[in-house]
Amino acid sequence: GPTASEDGRFAVFSSGAIDLAPGLSGPASENVYLWDAFTRRARLVSHAFDDARRRSDGNSASAYLSADGRWIYHQSSSSDLVEGSTGGTDYNVYLWDRDAPAASATRLVSHTPAGANVRSNSVCRWMSPSADGRYISYTSDSTDLVPGLGGEPLLFQLYQWDREAPPATANRLVSHALTSENQPGDHGTDIPSSSADGRFVAFASAATDLTGPATSSAWDNVFVWDRDSPPDAAIRLVSHQPTSATLRGGNSSEAPIISADGAHVTYRSFATDLVTGAEGIQSWNVYLWDRLAPTPDANHLVSRRAGDELERGNGDSYVAAISHDGRLVGFSSTSTDLVQNLIGTCVFNAYLWDRDAAALGASRLISHTPTAANVCGNSGSAMSLLSSNGQFVVLASVATDLTVGETGPGPSPFPYGENSQLYRWDRLAPAESATTLISHTYADSHRRAFGDSFGASVSANGGQVVFSSRATDMTSADFNDGSDAFWWSSADVAPPLFADDFASGDTSAWSATFP
């Protein structure tokens, strides 16, 4: 979905619409745009190198924004984003500079050591940039991104690119074997997560040769890479047993998210041997790893029964967010024993765990009704985002009783999805006023819009949220019957549509969203 800058002013999104800015030309393909809340205008990002108003000759999507909104990373199959570009024809990674002239605004990230305009020979995808936009970590099954690359083809490996490095050394292999920094691990990697400065990168992999000695299972495990460490000590195992920093857990660990300061990693695991003395049923649980803690105490059980630090919850839990300092972890769970005296038919709920809180109150129910903080909503809710200041949480829910006076449609059939709505929860507010409906109709801030809302991003202070929605009643002029991108501000009555002044009503011109 769309991504917001730290101050909430800028949002980047992808769209197949042809009328989001005046004077555009070129193929009617998927493109990336930057929207400015001050001007309420969209600007074409994925333009041809010689014309800022001409759409490129391929598809562009999956955009990520730096904290200040200046730098935008995105994927593209285009061949004309960079002058003189040659090489592969699959999706590559590019960087766009908002402050540069059109001819030099875009740089190829996934280039070979042969030159800054030579595209890699295969697909590049999942990305995670540093906050300042200097570094980008991404996965690729290309075989020509670093010199002397060995290993198996067709395995997605993890790389990091440095904007300020010369082309020959700009890309570095992150998921390398212990024996050589140019030897890929013996299995592929999943979605990366970067610290704010890009020094630390967390990722999941089933590789057995990233750390040594290779012991225990070959399940997916979680690792963290340190750019400033020597190659033979750069990668550390996160999902390890308490007895050894190289002894992998006895089952799968995945979906890591690293804190902005790089000191903590939260992830989910099906293993039961990551914390000494942990008990309970075997299920998916959420853990927090402390990079600075001694090995026996590095992993902490997050999704635990209220009042007991060592008993796993009675259901499955899935991690979603972490605060900048690793103190707070947001997650979703089917467990019913994470909060004391939970009331209601609690199928799937959102929670916030506080590392500094007492065991009995470490987890708080986010998806509660205004009645009380321990009464869960009347249907499922999922944790989505946490503002970097730790005060606000964005959650998705099909519950219809999370706010006072809430009205509107409940779950609905295809093509509008389950009618999932977006809400903002305030950690510091009392239960009766903690939750605010974000995806409301343009006419009534308490009425749920008709259609799924999803793919949200939140500003640092939690004041602005950008998101995608299939709803048709969040503005008065939404006629395209497709998914659109929206910007919501806590100071505004209703969210304006990104393409507000250029909406043609053409049903083929709708803003698609990507993971």
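Not measured: the values here are computed from a predicted model.

Q: Help me understand the sheet that holds strand β33 (residues 453–458), please; the structure alone is not making it clear to me.
A: The strands that make up a sheet pair up through hydrogen bonds in the backbone, lying either parallel or antiparallel. The strand order β33-β34-β35 describes an open sheet built from three strands, whose pairing is antiparallel. Single-partner strands in this sheet number two, and they are β33 and β35 (484–489). Strand-to-strand, the axes of this sheet are offset by a mean angle of 25°, without reference to chain direction. As paired elements, β33 and strand β34 (residues 464–469) share four bridges and run antiparallel to each other. Directly across from Phe-454, in β34, lies its bridge partner Ser-468.

Q: Where do I start with the sheet that holds strand β24 (residues 299–301) in this structure?
A: Pairing is antiparallel in the open sheet, where four strands are placed in the order β21-β22-β23-β24. Looking at the sheet topology across the chains shown, the edges are occupied by β21 (253–258) and β24. Strand-to-strand twist in this sheet, taken as the mean axis angle between neighbours without regard to direction, amounts to 30°. Of the pairings in the sheet, the one linking strand β23 (residues 285–290) to β24 comprises three bridges and is antiparallel in character. Residue pairing in the sheet places Trp-289 in a bridge with Asn-299 of β24.

Q: Sorry if this is basic, but what is going on with the pattern of salt bridges here?
A: Side chains bearing opposite charge may pair, as long as their charged atoms lie close to each other. As enumerated under the stated definition, the model contains 20 salt bridges in all. In this structure, Arg-268 engages Glu-254 in a salt bridge whose closest nitrogen and oxygen atoms are separated by 2.8 Å. Of the two residues, Arg-268 is situated in strand β22 (residues 264–269) and Glu-254 in strand β21; the sequence distance between them amounts to 14 residues. The class of Arg-268 is partly exposed, set by a relative accessible area of 21%. Between Arg-327 and Asp-356 there is a salt bridge whose closest N-O contact spans 3.6 Å. Of this pair, Arg-327 sits in the loop between β25 (317–322) and β26 (328–333) while Asp-356 sits in the loop between β27 (349–354) and β28 (363–365), and the two are 29 residues apart along the sequence.

Q: What should I look at first to understand the pairing of strand β3 (residues 31–36) in this one?
A: Each regular strand carries side chains that alternate between the two faces of the sheet. Most of β3 is tucked away, with six of its six residues classed as buried. Of the two faces of β3, the one holding Asn-31, Tyr-33 and Trp-35 and the one holding Val-32, Leu-34 and Asp-36 are both buried throughout. Sheet analysis places strand β2 (residues 10–15) next to β3, joined by six bridges and oriented antiparallel. Across the sheet, residue Phe-10 finds its bridge partner in β3, namely Asp-36. Counting the residues that bridge the hairpin from β3 to strand β4 (residues 41–44) gives four residues, and of these Arg-40 lies at a positive phi of roughly 55°.

Q: How do you make sense of the confidence of the model for the chain when you look at a structure like this?
A: Should the pLDDT be low somewhere, the predicted coordinates at that spot are not to be read in detail. The share of residues in the chain with pLDDT of 70 or more is 92%, and the mean pLDDT across the chain is 90. Here residues 492–515 is a poorly scored stretch, pLDDT under 50, and it has 76 contacts once near neighbours within four places are set aside; other chains count.

Q: Quick question: what am I supposed to make of unusual backbone geometry here?
A: Most peptide bonds take the trans configuration, and most residues that are not glycine carry a negative phi. In this model, Ala-255 sits at a positive phi of 55°, which is unusual for a non-glycine residue. Structurally, the position occupied by Ala-255 is in strand β21. Positive phi values are uncommon outside glycine, yet Asn-341 reaches one of about 55°.

Q: Sorry, what's going on with the environment of Asp-478 here?
A: As for its placement among the helices and strands, Asp-478 is situated in the loop between β34 and β35. Looking at Asp-478, the relative accessible area reads 7%, which means it is buried. Considered as a pair, Asp-478 and Gly-262 are 216 residues apart in the sequence and their alpha carbons are 42 Å apart. Setting aside anything within four residues of it in sequence, one finds Asp-478 in contact with Ala-471, Thr-472, Asp-484 and Phe-486.

Q: Where do I start with the packing of aromatic side chains in this structure?
A: What characterises a pair of aromatic rings is the spacing of the ring centres plus the angle enclosed by the ring planes. If you walk through the whole model with that rule in mind, you get ten aromatic pairs. The ring centre of Trp-71 lies 4.0 Å from the NZ or CZ of Arg-163, which sits over that ring.

Q: Any chance you could explain the state of the cysteines here in plain terms?
A: Each disulfide consists of one covalent bond between the sulfur atoms belonging to two cysteines. Taken as a whole, this structure holds one disulfide when the rule is applied. Disulfide pairing places Cys-346 opposite Cys-376 at an S-S distance of 1.9 Å. Since a negative S-S torsion denotes a left-handed disulfide, the Cys-346-Cys-376 link at about -90° is left-handed. Remark: Cys-376 occurs in the loop between β28 and β29 (381–386) and Cys-346 occurs in the loop between β26 and β27; sequence separation between them is 30 residues. Under the relative-accessibility criterion, Cys-346 is labelled buried at 11%. Exposure remark for Cys-376: the relative accessible area of 4% places this residue in the buried category.

About the thresholds
Residues numbered from 1 in each chain as written. Predicted model: local features only at pLDDT ≥ 70, side-chain atom pairs only at ≥ 80, totals over all residues. Heavy atoms only, no water. Pairing = 2+ DSSP bridges. Helix = DSSP H or I, 4+ residues; strand = E, 2+ residues; numbered from the N terminus. Axes fitted to C-alpha atoms, helices over the stretch in contact; angles between N-to-C directions. Salt bridge = Lys/Arg side-chain N within 4 Å of Asp/Glu carboxyl O. Buried < 20%, exposed > 50% of the residue type's maximum accessible area, 1.4 Å probe, protein only. pLDDT = per-residue confidence, 0-100. Contact = heavy atoms within 4.5 Å. Phe/Tyr/Trp six-rings, centres within 6.5 Å; stacked < 30°, edge-to-face > 60°. Lys NZ or Arg CZ within 6 Å of the ring centre and 35° of its normal. Disulfide = S-S within 2.5 Å.

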